[in-house]
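Each chain, letter by letter, is given below.
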Amino acid sequence: MAEQAVANIGVVGLAVMGSNLARNLASREGNTVAVYNRSNSKIHALLEEHPEAGFVASETIEDFVASLQKPRTAIIMVKAGAGTDAVINQLAEHFEEGDIIVDGGNALFTDTIRRERELRDRGLNFVGAGISGGEEGALKGPSIMPGGSAQAYETLGPILASIAAVAEGEPCVTHVGTDGAGHFVKMIHNGIEYADMQLIAEAYDLLRRVGGHEPAAIADVFEAWNGGDLESYLIEITAEVLRQVDAKTGKPLVDVIVDEAGSKGTGVWTVQNALALGVPVGGIAEAVFARAVSSKPEQRKAVRATIESRPEIASVGEGFEDDVRAALYASKVVAYAQGFDAIIAGAKEYDWDIDKGAIAKIWRGGCIIRAQFLNRIVEAYEHNATITSLLEDPYFAKAVADGEAAWRRIVVTAAQSGIPVPGFAAALSYYDSLASERLPAALIQGQRDFFGAHTYRRIDGAGTFHILWSGDRTEIEADDTH
Ligand code: 6PG
């Protein structure tokens, strides 16, 4: 076991993500990788299974630290939460000024902001880095979203670039912004991931229940879609999942899986934070809620038991599949538009200088939401970095307008047939809200003024007003502190 400073990078936490990332690092020229895990059996297993990696392994944190060259750089790959703090503290005790601790887990960005500040006060660099791509991504090339200081990125950037996925010739890593910016952007990535998955699931449900197709036939449809503007990792794996046959029963696998979607919480964080920032992310929120509804079997059963009849499935014509595809694409555009809005709002609130185009670029490869369509987002921000919404970009405006009629037909068909499409419907309502010249928010302002004297503004001039509702109902000018 090691004691000399021979490794340029270390990994702490050797569960699947950590060991895969360590193997990825070791496979790149110029890297010597130190590894450490609290339970030593994981270290031994890794060394035995991958002698080719030339890992420098340690059984104690002291030896691990001693095996790192300065500035010491260690990536922590442990479960987000209290465990992360424990490992950070252990490392920080032995690290010296200028050394770099990287948290590659799915940490909550506010924890990352706190940790970065605390470690900065001790002269250490702390980088919260979102890493997307699952186990395979960690091994073969993930998309990496590091925050932290620009100075730490000088050392860390080339190492991360060596292991990141490559899209259009560029490594899928960029310095997202200071302190928690990387984990914030990873959180939004996951929110978009939830929306994307929900929309695909709705498309499947419609093709199955309205279109009357079997999973294997729907797999063909998704495979065909994967050759067009919907080309993406999630569409690709959807086809694979739908094609899978259960060995035990001979049924499509999707038919034997319990229909209760799990989650580890990053989608909830996205929505909580978007709400706090006042950003409407209805498409993402509905995806989180849809998982929550699915996970309430007793409630679903109890309500179902009270229902005597369900609507008949609407009959559809030849163009149905194309309509579903168009609805999926338009709704997906909305989900990304909402996600980027949340990034813009987060950047403003937390004072991060985030390059939206660079984020779209590093999401083109390695990560779960990698998609052809991200090139269009890159172009949109290249064309005009100050657009207020992706829906304002000429390409996306046209894409949504081209699919609009189909999108409406699909939401109508779903409603008529009693098929839930919270993602498609929320995205369409959001689009219609932006598209409406007047919104009924005027009435809400009237109601607020009625019961709480909360005042309103007029369309024909400056000032803040209130109606004397319990008096003679004349309008008075009010101060705007209500
Ligand atoms: C990624 C994924 C990953 C996430 C899982 C589980 O980018 O590689 O987002 O970070 O942990 O997909 O997410 P849920 O359990 O919440 O679905």
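How each quantity is defined
Residues numbered from 1 in each chain as written. Predicted model: local features only at pLDDT ≥ 70, side-chain atom pairs only at ≥ 80, totals over all residues. Heavy atoms only, no water. Near = heavy atom within 4 Å. Polar contact = N/O pair within 3.5 Å; in protein donor to acceptor, adjacent residues only side chain to side chain. Areas by Shrake-Rupley, 256 points an atom, 1.4 Å probe, with all protein chains shown as cover. Helix = DSSP H or I, 4+ residues; strand = E, 2+ residues; numbered from the N terminus. Nonpolar A, V, L, I, M, F, W, Y, C, P; charged D, E, K, R; others polar. Pairing = 2+ DSSP bridges. Contact = heavy atoms within 4.5 Å. Axes fitted to C-alpha atoms, helices over the stretch in contact; angles between N-to-C directions. Buried < 20%, exposed > 50% of the residue type's maximum accessible area, 1.4 Å probe, protein only. Parallel < 35°, antiparallel > 145°, perpendicular 65-115°, else oblique. Left-handed = near helix turned anticlockwise from the far one by under 90°. Salt bridge = Lys/Arg side-chain N within 4 Å of Asp/Glu carboxyl O. Right-handed = clockwise from strand over helix to strand, strands pointing away.

Novice: Mind laying out the site of the ligand, listing which residues take part and the relevant values?
Specialist: The local shell around the ligand holds 14 residues, among which S132, K186, E193, Y194 and K264 are the closest. G133 has a polar backbone atom sitting 2.9 Å from an oxygen atom of the ligand. In this structure, an oxygen atom belonging to the ligand sits 3.2 Å away from a main-chain N or O atom of G134. Notes on the ligand: free accessible area 420 Å², of which the protein chains cover 80%. By residue number, the principal contributor to the shell around the ligand is helix α8 (residues 181-209), which donates five residues. Grouping the constituent residues of the shell around the ligand by class yields two nonpolar, eight polar and four charged.

Novice: Tell me about the sheet that holds strand β2 (residues 33-36), residues and numbers included.
Specialist: With respect to topology, seven strands assemble into an open sheet ordered β3-β2-β1-β4-β5-β6-β7, the strand pairing being mixed. Sheet topology places β3 (56-57) and β7 (143-146) at the edges, where each strand pairs with a single neighbour. One ladder, built from four bridges, connects strand β5 (residues 100-103) with strand β6 (residues 125-132); its direction is parallel. Its bridge partner being in β6, I101 is matched across the sheet by F126. Sitting on the sheet, α8 touches β5, β6 and β7, and the angle it makes with β6 is about 15 degrees.

Novice: A description of the side chain of N31 should follow, citing residues and the corresponding values.
Specialist: Within the secondary structure, N31 is located in the loop between α1 (16-27) and β2. The buried category is assigned to N31, whose relative accessible area is 13%. Of note is the side chain of N31, whose polar atom sits 3.0 Å from the backbone oxygen of L25. Beyond its immediate stretch of four places on either side in the chain, N31 contacts N8, L25, A26, I159 and S162.

Novice: Can you explain the packing of α8 against helix α9 (residues 215-225)? Please cite residues and give values.
Specialist: It is at 10 Å that the axes of α8 and α9 come closest, and there the two elements cross at 130 degrees. Considered as vectors, α8 and α9 are oriented oblique to each other. Here α8 runs over α9; the crossing is right-handed. Residues I200, A203, Y204, L207 and R208 of α8 touch α9, and the partners they reach there are P215, I218, V221, F222 and W225. The residue inventory of the contact of α8 with α9, partitioned by class, reads nine nonpolar, no polar and one charged.

Novice: I'd like a rundown of the pattern of salt bridges, residues and numbers included.
Specialist: Scanning the model with the defined rule gives 27 salt bridges in all. For D103, the salt bridge identified is with R115, shortest N-O distance 3.9 Å. Here D103, found in strand β5, pairs with R115, found in helix α5 (residues 109-121); they are twelve residues apart in sequence, far enough to count as distant. On the basis of relative accessibility, which here comes to 1%, the residue D103 falls in the buried class. Here R115 falls in the buried class, since its relative accessible area comes to 2%. With its nearest N and O atoms 3.0 Å apart, the salt bridge here joins E475 to R458. Of this pair, E475 sits in strand β12 (residues 475-477) while R458 sits in strand β10 (residues 456-458); the two residues are 17 residues apart in sequence, bridging distant segments of the chain. Through salt bridges that share partners, D85, D103, D111, R114, R115 and E118 make up one connected network.

Novice: Break down the pairing of strand β4 (residues 73-76) for me, with residues and values.
Specialist: Because side chains alternate across β4, one face comprises the buried residues T73 and I75, and the other comprises A74 and I76, equally buried. Looking at chain direction, strand β1 (residues 9-12) and β4 are connected through three bridges and run parallel. By the bridge assignment for β4, V12 is matched with I76. Bridge count for β4 against β5 is four bridges, and the pairing is parallel. Note that in β5 the partner of I75 across the bridge is V102. With helix α4 (residues 82-94) bridging β4 and its parallel neighbour β5, the resulting β-α-β unit is right-handed.

Interpretation note: all reported values are geometric properties and have no functional meaning in isolation.
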